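Coordinate inspection notes
If you want the building blocks of each chain, they are given just below.
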Amino acid sequence: MDIIVCIKQVPDTTTVIQIDPSGKDIVRDGITYIVSPYDEFAIEEALKLKEAGDGTVTVLTVGPESAKEALRTGLAMGADEAIHVVYEGAPSQLDSLTTAKLIAKALEGKKYDLVFCGRQAIDDDALQIGSLVAEFLNVPQISLVIKLEINGEQIKASRTIEGGTQVVESRLPALITAQKGLNEPRYPSMKGILKARKKEITELKAAELGVDLTPRVVLEELRLPPARPAGKIVGSVAELVKALHEEIKVI
Amino acid sequence: MNILVIAETKDGTLRKTSLEMLSQAKALNGSSITAALIGKGVAGQAARLGHYGAHKVLVAEHDLLEHYTTDGYTKVIKDMVDQIQPDLVLFAASSNGKDLAPRLSARLDAGLISDAIELSHDGSKFVAVRPMYAGKAYAKVSIQGKALVSLRPNVTPVAAPDESRSAEVMSFAVNLSDADIRAKVVSVEKADAGKLDVAEADIVVTGGRGFKGPENFHLVEALANAMGGAVGASRAVVDAGWRPHGEQVGQTGKTVSPTLYVACAVSGAMQHLAGMSSSKNIVAINTDPDAPIFKAATYGLVGDVFEILPQLTEAVKQIKASNN
Ligand SMILES: Cc1cc2nc3c(=O)[nH]c(=O)nc-3n(C[C@H](O)[C@H](O)[C@H](O)COP(=O)(O)OP(=O)(O)OC[C@H]3O[C@@H](n4cnc5c(N)ncnc54)[C@H](O)[C@@H]3O)c2cc1C
Ligand SMILES: Nc1ncnc2c1ncn2[C@@H]1O[C@H](COP(=O)(O)O)[C@@H](O)[C@H]1O
């Protein structure tokens, strides 16, 4: 089975967010970048499926030159190939629709049975790319997957919905978005890291793929959220209950 | 302005998020607000949509629409959009809405703003505010032309209904066959009957690693029950296997914005705060006065959950009893 995994490089989850003077981006100096955590579940699942049969796993990203590091992480975990759609513009100028078009374009002519995305990229928190790419590739999608079984061409997946889970069946080729609960992502081994350094990364240029890069959704301004009013330390259960009952009237 | 609201139902009744979307559509001064009511056995909800602001209701009832499927719902809504040509389509940023809205965005080649917490129109374009970086930044974004927006549940206040208003209810011809649905729902497993989902609950009581083991979570459950809320869990607790994944709050769990969030024996790591810091009121109970959770708290109580929770549960029960 040939599997594509779309991954994104994002600031580490503990990053203290500050706004750049342009008001359209965060301050990028000194940030540690990681592969978005949901994409690690996606990579892990793809590797497990490959190991259970045969085929290849290809990691793909759209992003600046520095995003190659994310692809190297994917390769070090065990992916066979990597595709980098190099986008050198401002991150705020690339919207989800355009990103998905670039991903679909990069996959034109490529053979795949399954495409994985993460549930969401933890920088823009958009939860869009999976569904968008599935539509552009004209394949069914199953999102928010916590359990996946593949038998021949048959897919059986559990996805979470409010207050429960749905079991969904479909056929290959399809697109799956992964979330926590699906598996435990592996760490790259030393051997994997050394091997990944030598692997070639296929490069495509976003500006040369024939996709209109003008965003539909324009980022006008980025700001910090309003500060929470200072809280109050109460001395006893009785005082707490009184506050909940009389001040904020929630009970 | 012509607005199409994709209403959501659960077990045959409207979810609160549907009313929130209609209130938002009204606040935008939509000259024509159409609600799409899609499913099986949902037609009875049409009148209520009218009370909350819909001028028209398109009822799409079909056996194949009994469960949400991406293919089925996308096709029906695409047909509705072609027919009524809305300027704005509003979705709920729920599990299904998040699956559906981008699929339509691609099919219609129209921009989508997901998980908006504010939405307005400045005369030439739709402008929205949406959290990014797990709520550590707010982005102001805009869309020129046809706009798709999904609204974060539990943020928009619901305007009072007007029971004298009635919508024009029309049945919508559903053009679907079995073959259209490529990913089919074969079963739905509900969490315990009647159990509230953390992402939907108005009150959430979360337990962290300080409970020391799953056997002590009955204390969290008892408080949640007394308050009429749902149980949440930190990742430490979920990873230890004490509680199911569905209860995890935070960056890799659920994002919640209830009226009241009670964090018990949770340290308040950045990734946990990411999922709950937009709660309207936060109570923190922790033995460590320096725990970061206290910085986010509206009310903090320093102490041992094993002593405090039983007392708190009892006190809440008493207040509830005297309220009645
Ligand atoms: C990529 C990534 C994603 C993550 N995603 C999430 C996420 O989605 N959600 C999440 O929660 N975490 C997430 N984390 C983990 C997060 O960093 C913390 O490790 C986790 O939130 C800690 O859980 P905790 O507060 O229950 O445990 P701890 O940090 O161990 O805190 C336990 C607290 O209980 C207090 N305590 C102990 N005994 C008592 C007592 N008897 N009475 C009162 N208080 C007591 C202690 O003082 C302490 O503050 C993520 C981490 C990473 C790296
Ligand atoms: N720039 C990108 N390059 C490759 N994959 C991406 C990119 N952005 C998002 N994705 C994929 O789409 C998922 C959802 O991202 P988002 O819609 O941005 O929340 C991510 O988890 C990735 O799998």
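Here, the structure is the one placed above.
What you see is a predicted model; the values in this text were computed from it and never measured.

1. Topic: the overall build of chain B
- Counting its regular elements, chain B contains nine helices and 18 strands.
- Seen through its C-alpha atoms, chain B measures out along the principal axes to roughly 60 × 40 × 40 Å.
- Counting over 324 residues, chain B shows a buried share of 59%.
- A fraction of 63% describes how many contacts in chain B between residues 6 or more apart in sequence connect residues 24 or more apart.

2. Some words on the interface of chain A and chain B
- On the chain B side, the residues contacting the 77 residues of chain A number 87 residues.
- Approximately 6900 Å² of surface area, both sides summed, lies buried where chain A meets chain B, with 55% of it carried by carbon and sulfur atoms.
- Interface area lost by chain A to chain B is led by Glu 162, Lys 180 and Arg 228 of chain A, which between them contribute 12%.
- Scanning the region where chain A abuts chain B turns up five salt bridges.
- The salt bridge partner of Lys 101 of chain A is Asp 109 of chain B, with a shortest N-O separation of 2.9 Å.
- In this structure, the connection of chain A to chain B is made through 48 residue pairs in polar contact (both at pLDDT 80 or more).
- Ranked by residues supplied to the side of chain A that touches chain B, first place goes to strand β9 (residues 164-171) of chain A with eight residues.
- Relative to strand β18 (residues 299-302) of chain B, strand β13 (residues 232-234) of chain A runs parallel, the two being bridged by three bridges. Bridge assignment links Lys 232 of chain A to a residue of β18 of chain B, and that residue is Tyr 299 of chain B.

3. Some remarks on the site of ligand 2
Residues and elements named next belong to chain A.
- Taken together, 18 residues lie around ligand 2, and Cys 6, Asp 39, Val 62, Gly 118 and Gln 128 are the ones closest in.
- At a separation of 2.6 Å, an oxygen atom of ligand 2 approaches a polar backbone atom of Cys 6.
- Contacts to ligand 2 include Asp 39, whose side-chain N or O atom sits 2.4 Å from an oxygen atom.
- Protein coverage of the free-state accessible area of ligand 2, which is 480 Å², stands at 98%.
- Of all the elements in the fold, those that place two or more residues in the shell around ligand 2 are β4 (57-63), α3 (96-106) and β6 (114-118).
- Counting residues per element, the shell around ligand 2 draws most heavily on β4, at three residues.
- Grouping the amino acids of the shell around ligand 2 by side-chain chemistry returns ten nonpolar, five polar and three charged.

4. Considering the side chain of Ser 114 of chain B
- Following the sequence through the fold, Ser 114 of chain B ends up in strand β7 (residues 111-116).
- Reaching out from Ser 114 of chain B, the side chain makes a polar contact with the side chain of Gln 128 of chain A at a distance of 3.2 Å.
- Those residues in contact with Ser 114 of chain B, other than ones at most four positions away along the chain, are Ala 126 and Gln 128 of chain A together with Arg 130 and Ser 150 of chain B.

5. Notes on the pattern of salt bridges
Residues and elements named next belong to chain A.
- In total, this model carries 37 salt bridges over all chains according to the counting rule given.
- Across the salt bridge formed by Lys 8 and Asp 124, the nearest N and O atoms sit 3.1 Å from each other. You can see Lys 8 sitting in the loop between β1 (3-6) and β2 (9-11) and its partner Asp 124 sitting in the loop between β6 and α4 (129-137), a full 116 residues away along the chain.
- Exposure remark for Asp 124: the relative accessible area of 21% places this residue in the partly exposed category.
- A salt bridge links Glu 149 to Lys 147; its shortest N-O distance comes to 3.9 Å.
- Its relative accessible area of 46% is what places Lys 147 among the partly exposed residues.
- Connected through salt bridges with shared partners, the residues Glu 65, Lys 68, Glu 203 and Lys 205 form a single ionic network.

Calculation notes
Residues numbered from 1 in each chain as written. Chains lettered and ligands numbered in written order. Predicted model: local features only at pLDDT ≥ 70, side-chain atom pairs only at ≥ 80, totals over all residues. Heavy atoms only, no water. Helix = DSSP H or I, 4+ residues; strand = E, 2+ residues; numbered from the N terminus. Buried < 20%, exposed > 50% of the residue type's maximum accessible area, 1.4 Å probe, protein only. Contact = heavy atoms within 4.5 Å. Buried area = accessible area lost by both parts, 1.4 Å probe. Salt bridge = Lys/Arg side-chain N within 4 Å of Asp/Glu carboxyl O. Polar contact = N/O pair within 3.5 Å; in protein donor to acceptor, adjacent residues only side chain to side chain. Pairing = 2+ DSSP bridges. Near = heavy atom within 4 Å. Areas by Shrake-Rupley, 256 points an atom, 1.4 Å probe, with all protein chains shown as cover. Nonpolar A, V, L, I, M, F, W, Y, C, P; charged D, E, K, R; others polar.

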